[in-house]
Amino acid sequence: MMPEAEAWAVAEEVAAIRQLCEERNAVILAHNYMTPDIFHGVADITGDSLALARAAATTEADVIVFAGVHFMAETAAITCPDRTVLIPDPTAGCSLAESITAADVRALRHRHPGVPIVAYVNTSAAVKAEVDICCTSGNAVEVVRSLGAAEVIMLPDRHLAAWVAGQVPDIRIIPWHGACEVHDRFTGSQVRSLRADGVTVIAHPECPADVLAEADFVGSTAAMTRYVTVQRPRRVALITECSMADNVAADCPDVEFVRPCNLCPHMKKITLAGIHRSLATMTHQVTVPERVATAARRSIDAMLAVPAAAAVVGAR
Ligand code: 13P
Ligand code: SF4
């Protein structure tokens, strides 16, 4: 996926990173939105938020380097408090995680007594500590159904909440107003014109409802990868972050990937040089205060105990 000259330029850094991983017994977990040099060059495990949360919970490595945004590294720190979790850039945030605080969740609980609260993993540890269970885009429907409740609060993504509500018409979903700054920018008319051109359109559930209504398939980043690698559409648009198409294209040379896509400025703060520095200096360590971690762990463990639909979940 990279011009040969560029690949040679990063080869030395890739080798140095892999050498440090050996020396430190470290594992690199990389989200599907990482650039191809990270995704294909140095990652030990790649996947969506759910696959990476599962991988972090079961790794035997001493050090986890999280090539993803802060809430993902925090989730790893919560599930494995005895490991060192590093993030190459601690300012790699997320507009969804920033849209809600623990105090907001307490106010919601007060307003809707007895209604279970599901938090998307794109939230801070403090928010996870206040809710009943977490979910990702890969298991949100199964998590909501697992509660057996007539009403469920889903936070913080209003688009994911609306999409789940459409999948579970027998359950009343009470949403929060957050949105992903990357997916919120796609429009239904973009999707309509792609489809009119014969392009298969696959969208992430963080997109607005009019985008999802026009798409051929909706799923988590892992489900999107799986759809393309199994169905092999002739021309496809992945309505999500730009690196997704670059990474999937490497395994699907027969598929034409059509833009648009939007860059996530937070994910793009994680670079090969940053990962190298992180391993060399053992920074930036991600820790969660024990009291918060204990409560947040309950919500994450509850999610990991929900059996996921095989078609929806799957690391590469
Ligand atoms: P996935 O769980 O589908 O990988 O999505 C994470 C994310 O942040 C999407 O914007
Ligand atoms: Fe957050 Fe959106 Fe970036 Fe995902 S793509 S990390 S939801 S801002």
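Now for a look at the structure at hand. (Residues numbered from 1 in each chain as written. Chains lettered and ligands numbered in written order. Predicted model: local features only at pLDDT ≥ 70, side-chain atom pairs only at ≥ 80, totals over all residues. Heavy atoms only, no water.)

On to the side chain of Asp157. Tracing the backbone through its elements, the reader meets Asp157 in the loop between strand 7 (151–155) and helix 8 (158–167). With no salt bridge to any partner, buried Asp157 finds its closest opposite charge in Arg158, at an N-O distance of 6.4 Å. Contacts of Asp157, omitting those with residues within four sequence positions, involve Leu96, Tyr120, Trp176, Gly178, Ala179 and Glu206. (Helix = DSSP H or I, 4+ residues; strand = E, 2+ residues; numbered from the N terminus. Buried < 20%, exposed > 50% of the residue type's maximum accessible area, 1.4 Å probe, protein only. Lys, Arg positive; Asp, Glu negative; His and termini not counted. Salt bridge = Lys/Arg side-chain N within 4 Å of Asp/Glu carboxyl O. Contact = heavy atoms within 4.5 Å.)

Taken in spatial order, the four strands of this open sheet run 10-9-11-12, and their pairing is parallel. Two strands bound the open sheet, and with one partner strand each, they are strand 10 (217–218) and strand 12 (256–257). Its contacts with the sheet put helix 11 (residues 221–231) on strand 9 (200–203), strand 10, strand 11 (235–239) and strand 12, and the angle it makes with strand 9 is roughly 160 degrees. (Pairing = 2+ DSSP bridges. Axes fitted to C-alpha atoms, helices over the stretch in contact; angles between N-to-C directions.)

Around ligand 2 lies a shell formed by Tyr33, Val69, Cys94, Ser95, Leu96, Asn122, Cys180, Val182, Glu206, Cys264, His266 and Met267. Class assignment of the residues belonging to the shell around ligand 2 gives a composition of eight nonpolar, three polar and one charged. (Near = heavy atom within 4 Å. Nonpolar A, V, L, I, M, F, W, Y, C, P; charged D, E, K, R; others polar.)

This part is about the site of ligand 1. In the region of ligand 1, the neighbouring residues are His31, Tyr33, Asp48, Ser49, Asn122, Ser137, His183, His204, Glu206, Ser220 and Thr221. Between ligand 1 and Ser49 there is a distance of 2.8 Å, counted from an oxygen atom to a side-chain nitrogen or oxygen. In this structure, an oxygen atom belonging to ligand 1 sits 3.3 Å away from a side-chain N or O atom of Asn122. Protein coverage of the free-state accessible area of ligand 1, which is 300 Å², stands at 96%. Grouping the amino acids of the shell around ligand 1 by side-chain chemistry returns one nonpolar, eight polar and two charged. (Polar contact = N/O pair within 3.5 Å; in protein donor to acceptor, adjacent residues only side chain to side chain. Areas by Shrake-Rupley, 256 points an atom, 1.4 Å probe, with all protein chains shown as cover.)

Counted under the stated rule, the structure contains 13 salt bridges. A salt bridge links Asp44 to Arg18; its shortest N-O distance comes to 2.9 Å. Of this pair, Asp44 sits in the loop between helix 2 (36–39) and strand 2 (45–47) while Arg18 is found in helix 1 (residues 4–24), placing the two residues 26 residues apart along the sequence. What makes Asp44 partly exposed here is its relative accessible area of 36%. The partly exposed category is assigned to Arg18, whose relative accessible area is 27%. Across the salt bridge formed by Arg232 and Asp254, the nearest N and O atoms sit 2.6 Å from each other. Residue Arg232 is located in the loop between helix 11 and strand 11, and its partner Asp254 is located in the loop between helix 12 (242–249) and strand 12; the two are separated by 22 residues in the primary sequence. A relative accessible area of 48% means that Asp254 is categorised as partly exposed.

Attention now goes to the pairing of strand 7. For a regular strand, side chains alternate in direction, first toward one face of the sheet and then toward the other. Counted residue by residue, strand 7 has four buried out of five residues, so it is predominantly covered. Across three bridges, the pairing between strand 5 (residues 117–120) and strand 7 is parallel. Following the sheet pairing, Ile117 is matched in strand 7 by Ile153. Bridging between strand 7 and strand 8 (residues 172–175) involves four bridges; their strand directions are parallel.

With omega at -5 degrees, the peptide bond leading from Leu155 into Pro156 counts as cis. Tracing the backbone through its elements, the reader meets Pro156 in the loop between strand 7 and helix 8. Along the chain, Thr283 connects to His284 via a cis peptide bond; the corresponding omega equals -5 degrees. For His284, the location among the structural elements is in the loop between helix 13 (272–281) and helix 14 (290–304). The phi angle at Arg232 is positive, at roughly 50 degrees, despite the residue not being glycine. Its relative accessible area of 34% is what places Arg232 among the partly exposed residues. Its identity as a non-glycine residue notwithstanding, Met282 has a phi of 55 degrees, on the positive side. Position of Met282 relative to the elements: it lies in the loop between helix 13 and helix 14.

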